[in-house]
Amino acid sequence: MQFMLLFSRQGKLRLQKWYVPLSDKERKKISRDLVQTILARKPKMCSFLEWRDLKIVYKRYASLYFCCAVEDQDNELITLEIIHRYVELLDKYFGSVCELDIIFNFEKAYFILDEFLLGGEAQETSKKNVLKAIEQADLLQEMRSFLQPVWLSVSTSAPRPVSASVQIPIIPPIAVSRPG
Amino acid sequence: MPAVSKGDGMRGLAVFISDIRNCKSKEAEIKRINKELANIRSKFKGDKALDGYSKKKYVCKLLFIFLLGHDIDFGHMEAVNLLSSNKYTEKQIGYLFISVLVNSNSDLIRLINNGIKNDLASRNPTFMNLALHCIANVGSREMAEAFASEIPNILVAGDTMDSVKQSAALCLLRLNRTSADLVPMGEWTARVVHLLNDQHLGVVTAATSLITTLAQKSPDDFKTSISLAVARLSRIVTSASIDLQDYTYYFVAAPWLSVKLLRLLQCYPPPEDAALRSRLTECLETILNKAQEPPKSKKVQHSNAKNAVLFEAISLIIHHDSEPTLLVRACNQLGQFLQHRETNLRYLALESMCTLASSEFSHETVKTHIETVINALKTERDVSVRQRAVDLLYAMCDRSNAKQIVAEMLSYLETADYSIREEIVLKVAILAEKYAVDYTWYVDTILNLIRIAGDYVSEEVWYRVIQIVINRDDVQGYAAKTVFEALQAPACHENLVKVGGYILGEFGNLIAGDSRSSPLVQFNLLHSKFHLCSVPTRALLLSAYIKFINLFPEVKATIQDVLRSDSQLRNADVELQQRAVEYLRLSCIASTDILATVLEEMPPFPERESSILAKLKRKKGPGHLPDIDDARRNVNGSTEPSENTEATKKSSPSLMADLLPTNRPRPASSSPIMLSAGTMGSTHPFTDLLNLNSTPPSGASLLVDVFSDISTAAPAEVCEENFLRFVCKNNGVIYENQLLQIGLKSEYRQNLGRIYVFYGNKTSTQFLSFSSSVTSSDTLKAQLNVHAKTVDPVIEGGAQVQQILNIECVSDFTDAPVLNIQFRYGGTLQNIGVKLPVMLNKFFQPTEMLSQDFFQRWKQLGAPQQEVQKIFKARHPMDTDVTKAKILGFGVALLDGVDPNPANFVGAGVIHTKNTQVGCLLRLEPNTQAQMYRLTLRTSRDSVSQRLCDLLSEQF
C-alpha cells in the first residue's frame, strides 16, 4: 500500500499515512486530487478506480471516506477489508466511533493504525491482538497518571465537546457485532 | 476493554481543537493558529524548563496544526527530546511527530537515531516496537545506514517477543524497499524463511510480506519458501473456520495471510516437485470449490474476504498458466461474476478475465462471454466498469470476432465518456489494423473513427492510416475513392481533410479517370475546405496542390492562380507564405522531369511497431495491456500474416521519433519536397509528415543532396528559445524541460560579468554524473573569456545546485557561448545545450549627456558605415513605459529632452571591452499609427552598431 487517507464529506483530511517517500507538496497535491475525484463519484459506483498508475480502493462510513492507494499487483478486495478491519478497530476502541473521536484523538488513530499496518502491509490482523497492544499502552499511561495525581485532576475533565452537528457513528451499532 | 481514556487528558489540546472547529472562517482559523504558534514558540524559548507533559502537549498541538495543512518549522528539537523520556506517552508522541514530519536535518537525524538506538537496546518490547515503527514509517537512508544491519538480528533472535518480530519484519521490508543496497543478506535469510512455520499467525503474516519482497529481488535465495508456503496455505484452506480463532474473519480463515501466501507463490514458476505441485493444485481447487459453496454469512465482509482469496488464487493460476482445467474453471467462475449484483465483483471479474484472455488455454472460454461483456459496455452505470469492459473486449479480440468487436466499440464511441474516448480510438485503430483481412475494411473503420470522434483521433492514428495506404498498393485506389466520397460531406472533421489531402495528393490519379472525380473536381473539393482549416492543415493542402501539379498538368494553371493569389503569396503566416512562394516558383521553373522527381510518390515506410500501439502502451503502462501479439494466436490457429507479426515484434524506435524528429528547430530536412519548411525550422506535423521517408531514394534529384539531413550528425542541439528574452534583463529561467530547470542571475561591471546558473532537478530521482561546461566558437574564444566553476556531479531529487561563470569581454563580439549540460537520469544520458545570454550590450555603461553634446557626437559619427538603421513592425503593444524600461535594461542611459519629438527615445552608453571602449548613441522612433519603429544606432565601430541594432530591434 502506498498511502491511506481519511477525509470527511466536506473534503477535510482527517488522517493521512504515507508509506512511500513524497514531498509535502506532492502529498498535498495527491490528497487534493483524490479527495475531489472520490467525492465526485456516486454512491453506487464501484469501490475501485484506476488513478495514475495506482489502484484506489475506497469506502465510505457515515461521514468519513477511507481511501487506500495500492499497486497494480495488489488485491483490491483484501484492501477493502483492511479498511473495514481498521474501522472495526477504531469502533471497538472508541466505542461507536464517530468522526469527532478521530478529530480529537487523532494521535490514537495513528497509534492504532501503526499496530495494524506497518510499512504499508498488514502487521497484525487479529483484532484482539491489536487492541491488546493499544490497551497495554493505555494502561502504561494510566499508571503514570496515578503516580502523578496533579495531572489526573486536570486530565479527567478533558471534555469531548459536542458539536452542533450530530455525529453519526461510523458503523451503525448492528454492524460491529461479530458474526457467530 | 476499560472505558477508553481518550487521549490522556491533554485538555489544552482538546480546547485548541475545539477552538479551531468553532472558527467561522479560514481567516479566523489562521489567526487562531498563529496565536497558538506564537504561544508555543514562546514556551519553547522561555527560560523556564518545560516539564514532559507540557512538551508533549505542545508537540501534539504542532502536529495537529501540521495535519491541518500548515507548515511547521520548529518544535523538532522538543519532539526529539521526548524520545528520551521514560514516560511511554511522551515517547510515543515524540515518535509520532517524527514519523509525520520527517526532516532531513542531519543533526536531528543523529539525535533521532540515538533515541531509537536506546529504545532498541532497552529490551522493553513496547519501547522497541515504538522505535521499529518509527524506522518503518520514516524509512530514510540515514536510518537504513544506522539500523539495517541490526534489525535482522532482532527479527531472528530466539528470545524476541512475537509483536517485536512482526514490527521488525515489516521494518526490514520498508528499508529493503527504500535502500535495498544497505540491507545485508546473510544467514538470517534462511531463518526468516522458517518464520513461515511460526506458531503465531501474526508473525507469519508479517514475515510473508517480507519474504515476498525479498524473493521478488532474489528469487533463488528464497526458493525454500515455496514448500513452506504451500504447506501453510494448505493448513489454512482445509482448517475449520473456528480453528484459527481471531484470525478468522467473517467465517473466512486468515484471508490476509492466504492472499499473501498466494502472492509469494507468484514469485515462482509452478513447483517442480510433483507431490508439492499436486498439494498446491489441491489448495487451489479447494479455494475454487469454496467459492461455489453457499455463503456462511450475508455480510459483504464475508464474501469480500472469500473472493479476495479466490481472485488471488486465480492470479496464481494465470501466473502458472500450466493447468488447463484450473484455468477454465477460473474462467467460468469469473463468468458468473460478470453478472453479479455487486459492482465491485463485476469490475474485478472483467479485470481478471483480461489476463485470462491472453492464456492459450482459456482464451476460447473467455470468448464465450463476449455477449455479456458487450452488454456491460452498454448498460453499466459506472464508467470505470465500462472501461474494464472495453479492455476485456480488446483483450479477447482475434480474427474470428474482430469485426463484431470493432463494430461494437465504434457504436459505443458515439456515446462514450469523454475521459476514455481517446483510448477507445487507439484500441479500435489497432484492432482494425491487426485483424484486417482486406484493407478496405481497415480504411473504412479509420474514416469512421474520424467521423465519430475526430477530436480524439490523435496524430498517430491518422499518420498510421497514411503509412498503411502508402505501403499497400492494393488499397490505394479504394482509399482515394473513399476519402473523396467522405470529403463530400458538408461538414467534415479537419483530420479527414488532412488524410484526404495527403491521399489525394499521392493517389488522386487513381480515381481521376471518372469524370465525377476528375482532377479539377478533386482540387475544387479540397480547396473548398481550405479556408476552414488551421495553418498546419493548410500547409499540408498546399503541398497536396503542388503534388497535383505533377500528377495532373491540366490543372496546373488553376493551381498556380491559387498560389499566386494575395491570400497565399502574402499570407501573414510565414510558413504558408513561403510554401506558396516556393511551390509557385518550383512549378514555373522546373522541367517536367525535375517536377516528377521532386514530387515523386512517397516510398514505402519501413515496417515497424505500430506507433499507435506504442502510444497505447505509454498510456496504460506495460502491465495493463495484454500483449495481443503473443504466440497463442498461432496456437489457436488464427495465424497472422508473417510480415505483420514480424513487424510488430521488431522493437524499432517508435514512429513518432521519425515523424517528429525533434521539438526544436532543425537545421534542414531530408525530404525532397520540403524545400521551404525545413529551412524555416518549422515544427508542425505536416512538415514532419512529409519527412516520413527515412532516407531519400538514391538517384533522386540534386535537391535531395542539398537538403540532406545534417541534423543527425550534429551534437546535441542548442536551445536558444529564451535567448532573446535576456537582452534587456539579467535574471530568469533560460531553459526548462520535464527534468531540469535552469535559472540565471547575472551581474556585469565594465568589461566583466558573473553569471550564477541554478540547475534545478524537477524530478524526485537523483541526477548522476552531472556536468556542465561552456564552449565558444573559435572566433568567440578570442573575444570573450568564460570561466566556469565545476559543479557537484550529483543533484538530488527536488534539489538545486549553483554554478558560477566568470566572464571577461576582450573585444566586441557577435556569437554567444553555449552551455553544455550532461547528466544521467534513470540510466539514460541527457544532453542539453543552451545558448548563454551573454550579449555585447551587457557591457554597457550608461552615459548621461546634454542635448548639444549629444547632437555634436551624433554628427561626428556620421560616416555611413558607422550608422545602422532598421525599420520594423511592432511585435508587442506600443507602450511608452515598457519601451523605456527595455531601453534602460538594454544598458544605455535614456536622455530626456534631447529629441525635439517627445515621442522618440534617445539613449547613450559606452561598451567596455578589455581592448577598447566604444561609445554608442541610439534613437528609437515609434510610429503608433503604422505600428512600426525606426531604430538608428551610431557607434565608432560598424560591427558594434550592427550587433546592437540586431539585438535591440528584436525587443519591441
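The name an unreviewed UniProt entry gives chain B is AP-2 complex subunit alpha, with Collichthys lucidus as the organism. Heading Subunit (unreviewed entry) of the UniProt record for chain B holds this comment: "Adaptor protein complex 2 (AP-2) is a heterotetramer composed of two large adaptins (alpha-type subunit AP2A1 or AP2A2 and beta-type subunit AP2B1), a medium adaptin (mu-type subunit AP2M1) and a small adaptin (sigma-type subunit AP2S1)." Annotation of chain B in UniProt includes, under Sequence similarities (unreviewed entry), the sentence "Belongs to the adaptor complexes large subunit family."

Looking at an unreviewed UniProt entry, chain A carries the name AP complex subunit sigma, with the source organism given as Collichthys lucidus. A UniProt comment under Subunit (unreviewed entry) is attached to chain A, and it reads "Adaptor protein complex 1 (AP-1) is a heterotetramer composed of two large adaptins (gamma-type subunit AP1G1 and beta-type subunit AP1B1), a medium adaptin (mu-type subunit AP1M1 or AP1M2) and a small adaptin (sigma-type subunit AP1S1 or AP1S2 or AP1S3). Binds to MUC1." The UniProt entry for chain A carries the following comment under Function (unreviewed entry): "Subunit of clathrin-associated adaptor protein complex 1 that plays a role in protein sorting in the late-Golgi/trans-Golgi network (TGN) and/or endosomes. The AP complexes mediate both the recruitment of clathrin to membranes and the recognition of sorting signals within the cytosolic tails of transmembrane cargo molecules."

Visitor: An account of the pattern of salt bridges is needed here, citing residue identities and associated values.
Guide: This structure, assessed with the given rule, holds 51 salt bridges over all chains. Residue E423 of chain B pairs with K427 of chain B through a salt bridge whose shortest N-O separation is 2.8 Å. Taken together, the positions of E423 of chain B and K427 of chain B, both in helix α23 (residues 418–434) and four residues apart, correspond to about one turn of that helix. For the residue pair E423 of chain B and K427 of chain B, the accessibility class agrees, reading buried in each case. Among the salt bridges present, the one from K762 of chain B reaches E736 of chain B, with a minimum N-O distance of 3.1 Å. Taken together, the residues span a long stretch of sequence, with K762 of chain B in the loop between β6 (752–761) and β7 (768–775) and E736 of chain B in strand β4 (residues 732–736) at a distance of 26 residues. Judged by relative accessible area, which is 43%, E736 of chain B ranks as partly exposed. Connected via shared salt-bridge partners are E50 of chain A together with R388, D391, E423 and K427 of chain B.

Visitor: Pulling in residues and values, what's your account of the nonpolar core?
Guide: Of all hydrophobic cores here, the largest spans 279 residues; its most connected members are Y86 of chain A together with I116 of chain B. Ranked by residue count, the leading element in this core is helix α2 (residues 76–94) of chain A, at 11 residues. Ignoring sequence-local partners within four residues, the contact set of I116 of chain B consists of Y95, A131, C134, I135, M143 and F147 of chain B. Formed by 61 residues, the second largest nonpolar core is a distinct cluster that contains C719, F844, I911 and L937 of chain B.

Visitor: Report on the sheet that holds strand β4 (residues 54–61) of chain A, specifying residues and quantitative values.
Guide: Residue and element names in this part refer to chain A. Taken in spatial order, the five strands make up an open sheet running β2-β1-β5-β4-β3, and their pairing is antiparallel. Looking along the sheet, the strands with just one partner apiece sit at the ends: β2 (13–18) and β3 (48–51). Each neighbouring strand pair of the sheet contributes to a mean axis angle of 20 degrees, computed without reference to strand direction. Where β3 lies against β4, four bridges are found, and the strand directions are antiparallel. Bridge pairing in β4 links E50 to K55. Each of β1 (3–8), β2, β3, β4 and β5 (64–70) touches α2; the most contacted strand, β4, lies at about 35 degrees to it.

Conventions and cut-offs
Residues numbered from 1 in each chain as written. Chains lettered and ligands numbered in written order. Predicted model: local features only at pLDDT ≥ 70, side-chain atom pairs only at ≥ 80, totals over all residues. Heavy atoms only, no water. UniProt positions renumbered as here; feature names shortened; annotations may be inferred. Salt bridge = Lys/Arg side-chain N within 4 Å of Asp/Glu carboxyl O. Helix = DSSP H or I, 4+ residues; strand = E, 2+ residues; numbered from the N terminus. Buried < 20%, exposed > 50% of the residue type's maximum accessible area, 1.4 Å probe, protein only. Core = buried A, V, L, I, M, F, W, Y, C linked by side-chain atoms within 4.5 Å. Contact = heavy atoms within 4.5 Å. Pairing = 2+ DSSP bridges. Axes fitted to C-alpha atoms, helices over the stretch in contact; angles between N-to-C directions.

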